[in-house]
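In case you want the letters, here they are:
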Amino acid sequence: MALNAPRILLVDSYDSFTHNLAALCRRSIPNCQIHIIKNDDLSIQQLRPHLKHFSAVVVGPGPGSPDNPADIGVVRDLWHLDDKDIPPTFGVCLGLQSLGIEFGAGLKRLHTVKHGQISQIYHTGSDIFEGVGDTRAVRYHSLHVTIPSASEIEQLAWAQDEENGRVVMAIKHASKPFWAVQYHPESVCTDDGGWGVLRNFWTLAKSWSESRRPSAPLDPEFRLGTLWPHVPPIQDLPTSFDSRTNSVLTTTVRLPQLPLTRICEYFGAADEESKFVLLDSAANPGRFSIIGALLPDTLHVTHYVGDTYVSVCKGKSTTKENLDTLDVWGWLSNYMRPRHVLQHESSTPFWGGFVGYFSYEIGYPILQIPLQRRKQRKHPDVNLVFVERSVVVDNETRDIHIQSLIPNDEEWIGQVARDLTRLSQSPCSSSSQRRSSVLSLSPLSSVRLPDKERYISQIKQAKEHLYAGDSYELCLTAQTQISIPYNNSSISSTSTSWERYQSLRKSNPAPHSAYFRLHPTTLMSSSPERFLSFSRPPNPMCQLRPIKGTVRKGPGITRAVAEELLAGSAKEVAENLMIVDLIRHDLHGALGENVNTTKFCGVEEYETVWQLVSVIEGTPAAGTSKQEEFDLGWNVLKSSFPPGSMTGAPKKRSVEILQNLEDGEREVYSGVFGYWCVGGSGDWSVTIRSCFKYEDTPATKAPRPPHKDTEEWAIGAGGAITALSDPEAEWDEMVLKLQSVLRSFGITPPLSS
């Protein structure tokens, strides 16, 4: 077979590291083309005729067990092809286990599972390990194979675990062109045992094919599965648009004495009857805060998973627009494209565009997971407004940028500049006195924490899934409910949620805070975690900053102590590593090869905590068109959903497990909130350390009917469950995360379940 342009078939067993493996193949096998199929896309009868077109097959990792047909799919049949049909094949993790048991190896559970653990790999120095030196590699497995003395399988490498003894780490078939490793060569923390081993596999594969496989020309038009990196054909590219006439009007005033909260109240934050959006950098390292100056007819878009339309509200008019062949992401992209602003002199991160949130469940269609338990249509899964007028506050310089996308809107900009200047010279109102009165909970209020016994039972069930190989990490969550009686004796529409948000930003200042009043949902957030940011074209860069590992500041908690507790903890590093590898997969899937981990498990200082943070960045391939660059960050946001730090890995299987394990939908919690700017940039944060409430209609001055006598708030909290998790400690961590938000309701620790 002609091997000058290698073609690799990568079999994906629904893993969340597959694109990392594809990127490693491109690095180790020069100029190769990679075609990705799922392990259940084709039967062996359907696949066999196509194998002659491939130089080699790579069987990727995945959840589950190699002896379960639903988990392994067509992979088990690849090992038993007739000699004339056999391609050289390299297996990883589940791929090794499948190869082993199909040729007589035993399959057992590890005494102590290895998920996100780095081990020394001992090897023979021959075959796929020829020229490979000392190797440290990342392991994600709870099952392992044992090789009998008389077997067609030969051991090439092993680990020596204190808890598990000697564990097979690499094997080959004695006579067929099959090799496999148990560890993950594609992980960010695997060294020469990654690309070096795969490079050796390719050398052996070429040698075997030259003597055993008949030469056949490679048809350049041949396609099977998904080509990676994906190059969209011409008909898939966005239609052209002319945005040269779009512009941003801006003026800047410097008012260092004017608090952000007073600017918000100028734009209606204290009026519960109105819509309002604030993205608030309330603590370092955040810098810019964004206030939407919403109009009565500001476009408000909502959508629920499963609907074939989006609801579009302008003023008092609401219409339903059919999605037709689009999904909601495509509809929003089509709306944004003709409003693109190509150039503007302002360096502020936001000029105007969509602001709002996406729920956790909006990720289900992306993962092709059915939504099982929705009984009520409460919080929309997509809840966005298109902001045409905005104010951006630079919290570093105290510059206030007043902006508009509306043509000839200079009069409004000038009026706001004059009003804010006068406001900065007037004495502050008594909002702090109002705040103390509205935050006191009535004796009739109730706080319903998750049931501790049930939560710990769920942790134990989650760990059983980990031991069985179904997942490497599960981010288990639960919700706390707060019921507060409305005060019908008051005829004021003063927003108690705005008062509570001010308390939240004071007690738990965070770089990614937000206050949204987008009926029917009100959201207050003090999130510490950025999910995804992407810069403006040309040459946009996408950056994700997952946080796994937090230590609250306190007496004696110096940087050195925090680094020992976080970067020195095998559990914390393992949690972070698993999410880093998952995010790398998501980025590789959307961007191709240009993905780098620029920081791994660095300890960063925040206002109230130390956190273990990694940074993963990606850029588009050379030759990406301007239209593709504008949509790039949006496409990355979609393909990365839901946030991996809130699911676990592999993502699809983990989300399926959690849907059955948790007591209800997460709704707004553990989704994302942020903006997509008309300039092409965006910034989205994970909805944690947050609370939200539902109301059918905005508050009115009339007394509420008897059936609506309370406001109901929900607060989500949880943690990443790994094989190293202690159930009692995980419960304590969940309650600790709750406390920062509960303080805004006048509830102080300690809490009891």
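Counting restarts for each chain: residues are numbered from 1 in the order of the written sequence. Restriction of local features to residues with pLDDT of at least 70 applies here, the model being predicted, together with a cutoff of 80 or more for giving and counting side-chain atom pairs; totals for whole chains, interfaces and linings are based on all residues. To obtain the side-chain values, all non-hydrogen atoms of the structure were used and water was disregarded.

**A look at the overall build of the protein**
Numbered from the N terminus, helices here are DSSP runs of H or I no shorter than four residues, and strands are runs of E no shorter than two. Along the backbone of the protein there are 18 helices and 34 strands. The reference for a compact globule is 2.2 Å times residues^0.38; the radius of gyration itself is calculated from the C-alpha atoms. Against the globule reference of 27 Å for 753 residues, the protein gives a C-alpha radius of gyration of 28 Å, in line with a compact fold. Principal axes of the C-alpha set define a box for the protein whose edges measure 85 × 60 × 50 Å. Only protein chains enter the accessibility calculation, which uses a 1.4 Å probe; a residue whose area is less than 20% of its type maximum is buried, one above 50% is exposed, and one in between is partly exposed. For the protein, buried positions account for 59% of its 753 residues. In this analysis, two residues are considered to be in contact whenever any of their non-hydrogen atoms come within 4.5 Å of each other. The contacts of the protein with a sequence gap of at least 6 include a subset with a gap of at least 24, amounting to 76%. Summed over its atoms, the accessible surface of the protein is roughly 29500 Å², and 48% of this surface lies on carbon and sulfur atoms. Think of it this way: Lys and Arg go in the positive column, Asp and Glu in the negative one, and His and the chain ends go nowhere. Each charge is placed at NZ for Lys, CZ for Arg, CG for Asp and CD for Glu. Here the protein holds 74 positive side-chain charges and 85 negative ones, and the gap between their average locations is 3 Å. Where accessible areas are quoted, they stem from the Shrake-Rupley method and a 1.4 Å probe; at the residue level, only the protein chains shown are allowed to cover.

**Looking at the pattern of salt bridges**
Throughout this description, the term salt bridge denotes a Lys or Arg side-chain nitrogen within 4 Å of a carboxyl oxygen of Asp or Glu. Following the criterion strictly, the structure yields 40 salt bridges and no others. Between E593 and R26 there is a salt bridge, with its nearest N and O atoms 2.8 Å apart. Of the two residues, E593 is situated in the loop between α15 (570-591) and β28 (595-605) and R26 in helix α1 (residues 18-28); the sequence distance between them amounts to 567 residues. Residue classification places E593 among the partly exposed residues on the basis of a relative accessible area of 37%. Of the charged contacts, one joins R48 and D85 as a salt bridge, the two residues approaching to 3.6 Å between their closest N and O atoms. Residue R48 is found in the loop between α2 (44-47) and β3 (56-59), and its partner D85 is found in the loop between α4 (75-78) and β4 (89-92); the two are separated by 37 residues along the sequence. Among the residues examined, D85 registers a relative accessible area of 14% and is labelled buried. Several salt bridges converge on common partners, so that one network encompasses D71, D470, K652, R653 and E656.

**Describing helix α13 (residues 496-507)**
Compared with an ideal rise of 1.5 Å per residue, which puts 12 residues at 16 Å, α13 spans 17 Å between its outermost C-alpha atoms and is within 8% of the ideal. If you check which residues of α13 are buried, you get S497, W498, E499, R500, Y501, Q502, S503 and L504. Multiplying one less than the number of residues by 1.5 Å gives the expected span of a helix.

**Some points on the pairing of strand β31 (residues 672-677)**
In terms of burial, β31 is a largely internal element, six of the six residues being buried. Neither face of β31 is left uncovered, since the one carrying V672, G674 and W676 and the one carrying F673, Y675 and C677 both have all their residues buried. Note on pairing: DSSP must find at least two bridges between two strands before they are called paired. Pairing of strand β17 (residues 353-358) with β31 involves six bridges; the strand directions are antiparallel. When the bridges of β31 are listed, Y357 appears paired with F673. As paired elements, β31 and strand β32 (residues 682-686) share five bridges and run antiparallel to each other. Across the sheet, the residue bridging to F673 is S685, located in β32. Taking the residues that link successive antiparallel strands as the turn, the β31-β32 hairpin has four residues, and the phi of G680 there is positive, at about 105°.

**A word on the sheet that holds β4**
In spatial order, the strands read β6-β5-β7-β8-β9-β4-β3-β1-β2-β10; together these 10 strands make up an open sheet with mixed pairing. Edge strands, defined here as strands with exactly one partner in the open sheet, are β6 (135-146) and β10 (226-228). Taken pair by pair, the neighbouring strands of this sheet meet at an average axis angle of 30°, ignoring direction. Axes here mean lines fitted to C-alpha atoms, for a helix over just the part in contact, with angles spanning 0 to 180 degrees between N-to-C directions.

**Topic: the confidence of the model for the protein**
Looking at the protein, pLDDT values average 90 and 91% of them are 70 or higher. Of the regions scoring below 50 in pLDDT, residues 233-240 engages in eight contacts with residues more than four places distant in sequence or in other chains. One number per residue, pLDDT, summarises how confident the predictor is, and it ranges from 0 to 100. Below pLDDT 50 for its whole length, residues 488-493 participates in eight contacts with residues either more than four positions away or in separate chains.

**Here's the deal with the packing of aromatic side chains**
Within a pair of aromatic rings, the relevant descriptors are the distance that separates the centres and the angle that separates the planes. Two aromatic rings from Phe, Tyr or Trp, using only the six-membered ring of Trp, form a pair when their centres are within 6.5 Å; if the ring planes differ by under 30 degrees the pair is stacked, by over 60 it is edge-to-face, and anything between is tilted. Summed over all chains, the structure comprises 32 aromatic pairs. Considering the side-chain rings of Y335 and F386, the 5.4 Å spacing of their centres and the 75° angle between planes classify their relative orientation as edge-to-face. With Y335 in helix α8 (residues 328-336) and F386 in strand β18 (residues 382-387), the pair connects residues that are 51 residues apart, well separated along the chain. The class of F386 is buried, set by a relative accessible area of 5%.

**Overview of helix α5 (residues 94-102)**
Of all nine residues that make up α5, eight are buried, and the element is covered over most of its length. Where α5 is concerned, the buried positions are L94, G95, L96, Q97, S98, L99, G100 and E102. Two residues or fewer after α5 comes G104, characterised by a positive phi angle close to 100°.

**Remarks on the pairing of β18**
Of all the six residues making up β18, six are buried; the element is thus mostly covered by neighbouring parts of the structure. Sheet topology places strand β14 (residues 300-303) next to β18; four bridges connect them, and they run antiparallel. Looking across to β18, one finds that V301 is bridged to L384. Sheet analysis places β17 next to β18, joined by six bridges and oriented antiparallel. In the sheet register, G353 faces β18, and the bridge partner there is V387.

**Quick word on the environment of D40**
Relative to the helices and strands, D40 resides in the loop between β2 (33-38) and α2. On a C-alpha basis, the gap between D40 and Y14 in space is 9.6 Å, while along the polypeptide they are 26 residues apart. A 3.5 Å cut-off defines polar contacts: any pair of N or O atoms within that distance qualifies, except that in protein one atom must be a possible hydrogen donor and the other a possible acceptor, and neighbouring residues in sequence count only when both atoms are side-chain atoms. Among the polar contacts listed, one links the side chain of D40 to the side chain of Y14, at a separation of 2.8 Å.

**Notes on unusual backbone geometry**
Across the junction of N284 and P285, the peptide omega takes the value 5°, indicating a cis bond. In this structure, P285 sits in the loop between β12 (276-280) and β13 (288-292). That bond from H519 to P520 is cis: its omega, 20°, falls within 30 degrees of zero. With respect to the element layout, P520 can be found in the loop between β23 (512-518) and β24 (521-527). Although it is not a glycine, N31 adopts a positive phi angle of roughly 65°. Mapped onto the elements of the fold, N31 is located in the loop between α1 and β2. Classification of N31 by relative accessible area gives exposed; the value is 66%. The backbone of E667 sits at a positive phi, close to 60°, despite the residue not being glycine. The topology assignment puts E667 in the loop between α17 (651-661) and β31.

**What about the side chain of S614?**
Relative to the helices and strands, S614 resides in strand β29 (residues 609-618). Residue S614 is classed as buried on the basis of its relative accessible area, which comes to 0%. Among the polar contacts made by the side chain of S614, one reaches the side chain of N576 at a distance of 2.6 Å. A polar contact of 2.9 Å, which involves the side chain of S614, links it to the backbone nitrogen of C601. Filtering out sequence-adjacent residues up to four positions away, S614 remains in contact with L544, R545, P546, N576, V580, K599, F600 and C601.

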